[in-house]
Amino acid sequence: MIRFDYLEPATLSEAFSLLEQHGDNARVIAGGTSLIIWMRQRLLMPKVVIGLGRIPEFDTITFDRQEGLRIGAGARHRDIELSPAVKQHYPLLHETFRKVAQPRIRNMGTIGGNLAGGDPLTDPGASLIALDAGLTLASSNATRTVSVEDFFVDYYQTALEPGELLTEIRVPPPQRPGWSHIKFTPRSIEDFATVGVAMTLRGKAGSCEDVRLALNSVASTIVRAKRAEAVLRGQRLSDDLLRKAGEIAATEVDPMDDNRGSADYKRDLVKVLVRRAAEQAIQRLS
Amino acid sequence: MKKTIRVTVNGRLYEEDVEPRILLSHFLRETIGLTGTHVGCVVGECGACSVLLDDKLIKSCLHFAVQADGCSVTTIEGLAKDGQLSVIQEAFVKHYALQCGYCTPGMVMASHALLRDHPQPTEDEIRKALGGNLCMCTGYVQIVEAVKDAAKGSTHV
């Protein structure tokens, strides 16, 4: 492991001043499940590591019917999985976090670290896009909000500017009661997804009023499949239409050949899994 | 720059000066000499290094020792009481749930955390809880059998 200095701010504002002071030389650590691996691989070689583990209330999860869900960036995957409010009001999130890696990684990794890592293979981002979630990005002198969809820029690249931290995830009150999360893994349950699909849907009597669809592991970022959504939105739902949505979604992704499958295979999976996700979401409406 | 950390391991308080780059797994093995925690892949894949940190099951190779300042750790050495193996450890012996033994500390710690929270798990729950522990010898069958048996035979682990 490379040598570095370790600093542990006691407050968020102290964290911002440390970030300002050390600039590009610094990286923040929360759960450590990504950063430590990247440091071991020498992909990142920070001179200073800033530990966020002691910042008070950085892992708080609260729910309000008007405001929706607020998740502190330091909340661990397991905290979200086991949160009664999440389980009751956001079954899609409960299901998603139940499937992130395996329990001991969920005990360590945080939602903030997951999103800020910008890794397109991970699950939470797709479900958060399907729920139209927003992120609070803060620095010592400003706070702004970005949608999760716009947050992902490229492989491991996000909208975070130097000196900024992702501090909170905000999920609007539940609006589309139909939902589905499908994680297709190459071998065992804790693998990264070959293809991941997250969908939320609102409608009645066999028609779709609104839908949001996002996919992970199929492009350089987690992507929202807007054209496939447009195929479904405002339409009467039929088997043909769901099949068409899958086919259109497959044109909105740009997967790579890797040890989880070939690009063609993943594209075929997108066709099938988007159709199945829509079927599940419709079923859950009733 | 070294930092002084205070960590309680298996009930005993250790105060040590460590470099920030020392992983918790290496702190346990090399700084305080508890070599029961094994280090396999060192990238969070194999699970051999699993310990309880403030009662939560974690992989100690994905954690810097300095982050554990003020925390309490339970390692495989902390499970036996007064020279008596825990029910899970006994069940692993009885069911031949190990061959080379490399993955065993992690398997036992994961089983311990599972049975503490879910004393009567289904086979599916056992397999999910052991996810993240790789074993190259057993094919996992005896390990799952051992955990089932430990769950049957114990009111506590």
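Residues numbered from 1 in each chain as written. Chains lettered and ligands numbered in written order. Predicted model: local features only at pLDDT ≥ 70, side-chain atom pairs only at ≥ 80, totals over all residues.

Describing the sheet that holds strand β5 (residues 72–74) of chain B
Residue and element names in this part refer to chain B. Spatial strand order, β2-β1-β5-β3-β4: five strands in an open sheet with mixed pairing. Of all strands in the sheet, those bounded by a partner on one side alone are β2 (12–18) and β4 (56–59). Across the sheet, the mean angle separating the axes of adjacent strands is 40 degrees when strand polarity is ignored. Bridge count between strand β1 (residues 3–9) and β5: two bridges; the pairing is parallel. Bridged to Val9 within β5 is Val73. Helix α3 (residues 104–117) rests against β3 (50–53) and β4 of the sheet, and its axis sits at about 40 degrees to β3. (Pairing = 2+ DSSP bridges. Helix = DSSP H or I, 4+ residues; strand = E, 2+ residues; numbered from the N terminus. Axes fitted to C-alpha atoms, helices over the stretch in contact; angles between N-to-C directions. Contact = placed C-beta atoms within 7 Å.)

With respect to the domain arrangement of chain B
Residue and element names in this part refer to chain B. Split by domain assignment, chain B resolves into domain 1 (3–77) and domain 2 (87–153). The gap between the C-alpha centroids of domain 1 and domain 2 is 21 Å. Between domain 1 and domain 2, the residue contacts involve 14 residues of the former and 11 residues of the latter. If one sorts the elements of the side of domain 1 that touches domain 2 by residue count, β3 sits on top with three residues. (Domains from an automatic or database assignment.)

Here we look at the environment of B:Glu145
Residues and elements named next belong to chain B. Within the element layout of this structure, Glu145 appears in helix α5 (residues 141–153). Judged by C-beta crowding, with 19 C-beta atoms within 10 Å, Glu145 ranks as partly exposed. Expressed as a C-alpha distance, the spacing of Glu145 and Phe92, which sit 53 residues apart in the sequence, is 8.6 Å. (Buried ≥ 20, exposed ≤ 12 C-beta atoms within 10 Å, placed from the backbone.)

Some details on the interface of chain A and chain B
Tallying the contact residues gives 23 residues for chain A and 22 residues for chain B. Listing elements by their share of the side of chain A that touches chain B, those giving two or more residues are β1 (5–7), α2 (35–40), β3 (48–51) and α6 (103–106) of chain A. Class assignment of the residues belonging to the side of chain A that touches chain B gives a composition of 11 nonpolar, seven polar and five charged. (Nonpolar A, V, L, I, M, F, W, Y, C, P; charged D, E, K, R; others polar.)

Notes on the nonpolar core
All names here are of chain A. Membership of the largest hydrophobic core comes to 134 residues, with the highest contact counts inside it found for Met199, Ala214, Leu215, Ala249, Val270 and Val274. If you tally residues by element for this core, the top one is helix α12 (residues 263–285), at eight residues. The residues touching Leu215, leaving out its near neighbours within four places in the chain, are Ala126, Val195, Gly196, Val197, Val223, Ala225, Val253 and Val270. (Core = buried A, V, L, I, M, F, W, Y, C linked by C-beta atoms within 7 Å.)

Structural notes on the domain arrangement of chain A
Residue and element names in this part refer to chain A. Parsing chain A into structural domains produces domain 1 (5–51), domain 2 (61–171) and domain 3 (178–285). When each unit is reduced to the centre of its C-alpha atoms, the spacing between domain 1 and domain 2 is 19 Å. The interface of domain 1 with domain 2 comprises 15 residues on the first partner and 15 residues on the second. Sort the elements by how many residues they give to the side of domain 1 that touches domain 2 and helix α1 (residues 12–22) lands first, with seven residues. Residues belonging to the side of domain 1 that touches domain 2 are distributed by class as follows: six nonpolar, seven polar and two charged.

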